[in-house]
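Inside the fold
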Amino acid sequence: MTTRIGEASPPVSERRVVGNVLRGSIGNLVEWYDWYAYAAFTTYFAKSFFPTKDTTAAFLGTAAVFAVGFLMRPLGGWMLGRFADRFGRRSALVLSVTLMATGSLMIAVTPTYASIGIAAPILLLIARLVQGLSVGGEYSTSATYLSEVATPGKRGFYSSFQYVTLYGGQLLALGLQLLLQSILTEQQLTSWGWRIAFAVGALAAVVVMFLRRGMDESASFEEAKASGTGKDAGDKGTLRALIKYPKEIALVVGLTLGGTVSFYTFATYSQKFMENTAGIPRRTVTLILFCAILVAAILQPLAGKLSDRIGRRPLLMFFGIGGTLLTVPIMTLMGATKQPVLAFLLMLAGLVIVTGYTSINAIVKAELFPTKIRAIGVGLPYALTVAIFGGTAELIAQALKGAGHESVFFYYVAGCVLVSLIVYGTMRETSKTSELDNKKQPEPVSGR
């Protein structure tokens, strides 16, 4: 059924909405599994690509590649965001998962440093760059798609599944790690067992590529496409159109800064931190991380649903205040304890605080922009911020540890959250002013 310009879209059944959200989310799950398999299995393959007797130095090498992968995320956010705004969300999501399959397969088959020398870390770097390009586009397009296909009044709830599946991808990576730890020896895992994780990811991504081809295109994009016959038609997804929204761009950067640093600190770096600083056994650390992230994943839709009732801003304030005041004591205690239960509770506390950001960050950003530039508006400034701050969080932490000043990193994280808290305190409530629920397209800030 075609909707004429000016007409409201015909209502979509809740069952259809759920089907689209599930198919989009499963793809997101696999994408993030592939991305986090690198972080989860770093402790096993680090010395295969960066041979050294110093464990911290080997971790530093793989952390550098992890950080460099983030540098491609802004390019992915721009390229695939522009593609999604011009040619559709569905096509962009199919393309992003295809790129992820390519990167994972490369890591799975790349020989070690002992076999091919310096070519090994170079190929690892190239594979990670491809994955970074994929994830940069996946975030923006997935956030846009889930917000646009969601039922009005439930956008916070449905959009929260982006981080449910993001955490789910990390859980799958950790779950597979636990399984492999139980059936393979430490030597087997270090020698070749870690490759299984990336082979599984590549295969799953290929399956999702075909699954995503069956998703519906979002009605918002179809309406924008049908009405895009005037002078603004060529502006879809362009930087020229995006720069007309400087306040919204600045808000995305401010919203993201503290959230991305805090998220990567607790969700990824903490694995190496508990093992390398607290001295907790590797398998125990994996189990702690798995259990804490499982609880965090369950919290996402609950927090998203709460935001549909009370607004987005209160949850952001909860994260900002909690992260600013509690990051240093949580990390200090975590680094000093060898008790698994206490380490789990501390990590869970950090993830609960971060939930105030993760559960709604996608919908908040989507609510800032009109349809014609929503994907690139969400993706590019977000990816730039994540690349600069999120992608370097572990690198900074490892460098400070190597220099004997690890505790400085805790204050760095808290400081980044404080900057975001200032932004949260001055921003408006986005759920009441969004084009997603108000068909009148917002004017750029410069025109207000």
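See the structure above.
Everything numeric in this text was worked out from a predicted model, so none of it was measured. (Residues numbered from 1 in each chain as written. Predicted model: local features only at pLDDT ≥ 70, side-chain atom pairs only at ≥ 80, totals over all residues. Heavy atoms only, no water.)

1. Considering the overall build of the protein
Quick reminder of the rule: Strands here are runs of E lasting at least two residues and helices are runs of H or I lasting at least four, both read from the DSSP assignment and numbered beginning at the N terminus. For every residue, the accessible area (1.4 Å probe, protein chains only) is compared with the maximum for its type, and the residue is labelled buried under 20%, exposed over 50%, or partly exposed between those bounds. Two residues form a contact once any of their heavy atoms are found within 4.5 Å.
Helices and strands together make up the secondary structure of the protein, namely 18 helices and zero strands. In the protein, buried positions account for 58% of the 448 residues. Sequence-distant contacts, at least 24 apart, represent 85% of the contacts inside the protein between residues at least 6 apart.

2. A look at the nonpolar core
Looking at soluble globular proteins, one finds that nonpolar side chains tend to be buried together. Test applied: Think of a nonpolar core as a cluster: buried Ala, Val, Leu, Ile, Met, Phe, Trp, Tyr and Cys residues, connected wherever their side-chain atoms sit within 4.5 Å.
The biggest cluster of nonpolar side chains holds 99 residues, and the ones touching the most others in it are Phe263, Met347 and Leu351. Of all the elements, helix H12 (residues 246-278) adds the most residues to this core, at 13 residues. Each residue touching Phe263, except ones within four places of it in the same chain, is listed here: Tyr36, Tyr163, Leu166, Tyr167, Thr268, Val354 and Thr358. Core analysis: the second largest hydrophobic core is formed by nine residues, Val21, Val149, Tyr158 and Met215 among them.

3. Some thoughts on the packing of aromatic side chains
What counts, and what does not: The criterion for an aromatic pair is that two Phe, Tyr or Trp rings (for Trp, the six-membered ring) have centres within 6.5 Å, with stacked assigned to planes under 30 degrees apart, edge-to-face to planes over 60 apart and tilted to the rest.
Summed over all chains, the structure comprises 22 aromatic pairs. A connected cluster of aromatic rings, assembled from ring pairs, spans Trp32, Tyr36, Tyr163, Tyr167, Phe263 and Tyr264.

4. Topic: a nonpolar patch on the surface
Which entries qualify depends on this criterion: Exposure above 30% relative accessible area and the lack of any salt bridge qualify a residue for a patch; like charges then connect within 9 Å, and the nonpolar side chains Val, Leu, Ile, Met, Phe, Trp and Tyr within 5 Å. Accessible areas in this description were obtained via Shrake-Rupley with a 1.4 Å probe; residue shielding takes into account the shown protein chains only. The term salt bridge refers to a side-chain nitrogen of Lys or Arg lying within 4 Å of a carboxyl oxygen of Asp or Glu.
Together, Leu75, Trp78, Met79 and Leu239 make up an exposed nonpolar region whose accessible area comes to about 330 Å². Element by element, the count of residues in the nonpolar patch is highest for helix H2 (residues 55-87), at three residues. You can see Met79 is positioned in helix H2.

5. Brief notes about the environment of Ser420
Examined against the element boundaries, Ser420 turns out to sit in helix H18 (residues 406-426). Accessibility expressed as a relative area gives 0% for Ser420, which makes it buried. Among residues more than four places away in sequence, those in contact with Ser420 are Gly254, Leu255, Leu257, Gly258 and Gly259.

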